[in-house]
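Residue-level structure breakdown
Take a look at the letters that make up each chain.
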2 protein chains.
Amino acid sequence: MKTLHIFKTGGKVIEDPEMLESFLHTFAAAEGPKILVHGGGKTATELAAKLGVPQQFNEGRRITDADTLDIAVMVYAGLINKRIVASLQSLGCNAAGFCGADGNIVRTKKRVHPQIDYGLVGDAGPDSVNRKLLNDLLDAGLVPVFCAITHDGNGNLLNTNADTMAAEIACALSERYETELTYCFEHSGVLRDKADETSLLPKMDPAIYAELKASGAISDGMIPKLDNAFAALERGVKKVIVCRANQPGTGTTLLREMKQQLS
Amino acid sequence: MKTLHIFKTGGKVIEDPEMLESFLHTFAAAEGPKILVHGGGKTATELAAKLGVPQQFNEGRRITDADTLDIAVMVYAGLINKRIVASLQSLGCNAAGFCGADGNIVRTKKRVHPQIDYGLVGDAGPDSVNRKLLNDLLDAGLVPVFCAITHDGNGNLLNTNADTMAAEIACALSERYETELTYCFEHSGVLRDKADETSLLPKMDPAIYAELKASGAISDGMIPKLDNAFAALERGVKKVIVCRANQPGTGTTLLREMKQQLS
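Residues numbered from 1 in each chain as written. Chains lettered and ligands numbered in written order. Predicted model: local features only at pLDDT ≥ 70, side-chain atom pairs only at ≥ 80, totals over all residues. Heavy atoms only, no water.

1. Here we look at the interface of chain A and chain B
A common way to report how large an interface is uses the accessible area buried once the components associate. Between chain A and chain B, the residue contacts involve 37 residues of the former and 37 residues of the latter. In total, chain A and chain B occlude about 2,700 Å² of area from one another, counting both sides; carbon and sulfur atoms represent 71% of this. Counting the contacts that link chain A with chain B gives four salt bridges. Here lysine 82 of chain A makes a salt bridge to aspartate 102 of chain B, at a shortest N to O gap of 2.9 Å. Those elements giving two or more residues to the side of chain A that touches chain B turn out to be α3 (43-51), α4 (66-90), β5 (95-98) and α5 (131-139) of chain A. No other element matches the 14 residues that α4 of chain A contributes to the side of chain A that touches chain B. (Contact = heavy atoms within 4.5 Å. Buried area = accessible area lost by both parts, 1.4 Å probe. Salt bridge = Lys/Arg side-chain N within 4 Å of Asp/Glu carboxyl O. Helix = DSSP H or I, 4+ residues; strand = E, 2+ residues; numbered from the N terminus.)

Below, the structure is given as structure tokens:
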């Protein structure tokens, strides 16, 4: 089977023009079929502030009301997605931007939560991804670039977590490709000590992950990212890497199981 | 050859939710391969006002500075394009949204004008359209939905006239399809008397067009639209129709030449 690379980036990489440009050069240079899934960074929050649209959070998670969804669609599916596509095209990479509604590529269900109404948020699951169309696009030589806006099939756009979307796309394409999922961010990988970039873990398995969560070395946003990543390994993704945006081939490789202990 | 329908809409049809919904039902129901090109209506101007981005005009034509381009990309490629795609998907139409940068489908050149700097505006021409990819997308069963944002191939997005873009796409695909280009707007077609919707001209050729321009019956925004439309007929497009958004099969049919005079 051919190898397919799925790269996910977002946050600080998207916010910092130099870091983004460096990442896009790296992505454009990666060989073989590939897909990019991008988050949004702070641009949507900044636009909401300018437009006077209050942002509500519940335990750190954003509530997506109708105005906030419009802003997310404008910023993620419009500005960020098309800027990335135009940049990649100028670098000789045949990028084409998509949201999940386009060609019904990623259909999600509005999140139902017993206590909290997250609003117009769609959760991607195993049946979300339109494998046939994605395969056709890859076969046509395109490099799909996804923002994390999806739809429910009933005419409604939904805001979706970009990490989850990248993992679901990688899992769905693991039938046909040896998939490698790379989470690109501003650190060198998973660190034993968050304050020390040299404390990089070159490899990690669920046992070490549990240990580092218990010690508090891994916390906050890294937890759902790594939960997703380990789940993807169980669902057919061949390799998951967490690395600095412009340094593929480095970083932390996630493994289903390690033979020898690290230390 | 198969018939391919290219529909263009914009302005008041996009601004009015009921008119847009009615148009999208009509478009979704049209048989055979088809493409939609949409303009933007007033949403971009309204967003610019909210954000305090002054809009400059020269003889009625908008100057697209960097902030205005960002707004156009957010509104046209983001909000309007993805809303249309999600609606069409819910109506069983396999729509996928594109701007010209996606897959390098429509590449334009920044407008150079001896007196006026129109800013980040791209003019589409005969070499702008990537026929190969458009054919692949149509063969994959997709219904491409274009906003009129393009790119120059050097990483820059450009604002483009949607009427011209629709005409260039129709001309480019006339090698492979019998193309029918339909301009959908809020009137019943080309009128002899702008104030009287019953004064519809069912057919029009360049001679009648010249006559109606001279008499002032056709003026303003209709002139570039019809200039484009007649030029498209000379360049391989089989049929051009100007009609009310939700009434295909009615309206004014443009002909290269008419045998008999109308009146």
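2. Some words on the nonpolar core
Counting 96 residues, the largest nonpolar core has Met204 of chain A together with Met204 of chain B as the members making the most contacts within it. What methionine 204 of chain B contacts, discounting residues up to four positions off in sequence, is Val190, Tyr209, Leu212, Ile218, Leu226, Phe230, Thr252, Thr253, Leu254, Leu255 and Met258 of chain B. Listed in part, the 80 residues of the second largest apolar core include Phe27 and Leu157 of chain A together with Tyr76 and Ile80 of chain B. (Core = buried A, V, L, I, M, F, W, Y, C linked by side-chain atoms within 4.5 Å. Buried < 20%, exposed > 50% of the residue type's maximum accessible area, 1.4 Å probe, protein only.)

3. Thoughts on the sheet that holds strand β14 (residues 252-254) of chain B
All names here are of chain B. Judged by pairing direction, the sheet is mixed, and its eight strands sit side by side in the order β5-β8-β2-β1-β11-β13-β14-β12 without closing on themselves. Because the sheet does not close on itself, it has two edges, and the strands there are β5 (95-98) and β12 (203-204). Sheet topology note: the strand β1 (residues 3-9)/strand β11 (residues 178-185) ladder contains seven bridges and is parallel. Counted as the bridge partner of leucine 4 is threonine 179 from β11. (Pairing = 2+ DSSP bridges.)

4. Considerations on the packing of helix α3 (residues 43-51) of chain B against helix α4 (residues 66-90) of chain B
How two helices sit against one another is set out by the angle between their axes and by the gap between those axes. Residues and elements named next belong to chain B. With their axes 9 Å apart at the nearest point, α3 and α4 run at an angle of 130 degrees to one another. Accordingly, the angle class assigned to the pair α3 and α4 is oblique. Judged by the sense of rotation from one axis to the other, the crossing of α3 with α4 is right-handed. Of the residues in α4, those touching α3 at Thr43, Ala44, Leu47, Ala48 and Leu51 are Ile71, Met74, Val75, Tyr76 and Ile80. The class makeup of the residues in the contact of α3 with α4 is nine nonpolar, one polar and no charged. (Axes fitted to C-alpha atoms, helices over the stretch in contact; angles between N-to-C directions. Parallel < 35°, antiparallel > 145°, perpendicular 65-115°, else oblique. Left-handed = near helix turned anticlockwise from the far one by under 90°. Nonpolar A, V, L, I, M, F, W, Y, C, P; charged D, E, K, R; others polar.)

5. With respect to α4 of chain B
Residue and element names in this part refer to chain B. Taking 1.5 Å of rise per residue, 25 residues should cover 36 Å, and α4 covers 35 Å from first to last C-alpha, within 8% of that figure. At asparagine 81, α4 shows its maximal bend, which comes to roughly 35 degrees. Along α4, 19 of the 25 residues are buried, which leaves the element largely enclosed by surrounding structure. With its phi angle positive at about 80 degrees, glycine 92 sits one or two positions after the end of α4. (Expected span 1.5 Å × (residues − 1). Bend = angle between axes of the 7 residues up to and from the residue.)

6. Comments concerning the relation of the copies chain A and chain B
Once turned by 180 degrees and shifted 0.0 Å along the axis, chain A lies on chain B with an RMSD of 0.0 Å. On this basis, the relationship between the two copies can be described by a two-fold rotation axis. An overlap of 100% is found between the interface residues of chain A and their copies at the interface of chain B, pointing to a shared contact surface. (Least-squares fit on C-alpha atoms with pLDDT ≥ 70 in both.)

7. Some words on the packing of helix α6 (residues 162-172) of chain B against helix α8 (residues 222-234) of chain B
Residues and elements named next belong to chain B. It is at 10 Å that the axes of α6 and α8 come closest, and there the two elements cross at 5 degrees. Taken together, α6 and α8 sit at an angle that is classed as roughly parallel. Residues Asp163, Thr164, Ala167 and Cys171 of α6 pack against Lys225, Asn228 and Ala232 of α8. Grouping the amino acids of the contact of α6 with α8 by side-chain chemistry returns three nonpolar, two polar and two charged.

8. Thoughts on the packing of aromatic side chains
Inspection of every chain in the model, using the stated rule, returns nine aromatic pairs over all chains. Aromatic pair phenylalanine 98 of chain A and phenylalanine 98 of chain B: ring centres 6.0 Å apart, planes at 80 degrees, arrangement edge-to-face. One end of the pair, phenylalanine 98 of chain A, is in strand β5; the other, phenylalanine 98 of chain B, is in strand β5, on a second chain. Judged by centre distance (5.9 Å) and plane angle (40 degrees), the ring pair of phenylalanine 98 of chain B and phenylalanine 146 of chain B falls under tilted. Of this pair, phenylalanine 98 of chain B sits in strand β5 while phenylalanine 146 of chain B is found in strand β8 (residues 143-147), placing the two residues 48 residues apart along the sequence. Judged by relative accessible area, which is 2%, phenylalanine 98 of chain B ranks as buried. Taken together, the aromatic side chains of Phe98 and Phe146 of chain A together with Phe98 and Phe146 of chain B make up a single cluster linked through ring pairs. Here arginine 111 of chain B stacks its cationic end above the ring of tyrosine 118 of chain B, 4.7 Å away from the centre of that ring. (Phe/Tyr/Trp six-rings, centres within 6.5 Å; stacked < 30°, edge-to-face > 60°. Lys NZ or Arg CZ within 6 Å of the ring centre and 35° of its normal.)

9. A closer look at the side chain of threonine 26 of chain A
All names here are of chain A. Residue placement: threonine 26 occurs in helix α2 (residues 17-29). Reaching out from threonine 26, the side chain makes a polar contact with the backbone oxygen of serine 22 at a distance of 3.0 Å. Setting aside anything within four residues of it in sequence, one finds threonine 26 in contact with Ala245, Asn246 and Pro248. (Polar contact = N/O pair within 3.5 Å; in protein donor to acceptor, adjacent residues only side chain to side chain.)

10. A closer look at the sheet that holds strand β12 (residues 203-204) of chain A
Residue and element names in this part refer to chain A. Reading across from one edge, β5-β8-β2-β1-β11-β13-β14-β12 is the order of the eight strands in this open sheet, with mixed pairing throughout. What marks the edges here is a single partner per strand, and that holds for β5 and β12. Where β12 and strand β14 (residues 252-254) come together, two bridges link them in parallel fashion. Residue pairing in the sheet places methionine 204 in a bridge with leucine 254 of β14.

11. Describing unusual backbone geometry
The phi dihedral of asparagine 104 of chain A is positive, around 55 degrees, even though this residue is not glycine. Relative to the assigned elements, asparagine 104 of chain A resides in the loop between β5 and β6 (109-110).

12. A closer look at the state of the cysteines
Residues and elements named next belong to chain B. Considering all chains together, one arrives at zero disulfides over all chains under this definition. Cysteine 99 takes part in no disulfide bond, and the closest cysteine sulfur, belonging to cysteine 147, lies 5.3 Å away. Cysteine cysteine 184 shares no disulfide, and the gap to the nearest cysteine sulfur, in cysteine 243, comes to 4.5 Å. What makes cysteine 184 buried here is its relative accessible area of 4%. (Disulfide = S-S within 2.5 Å.)

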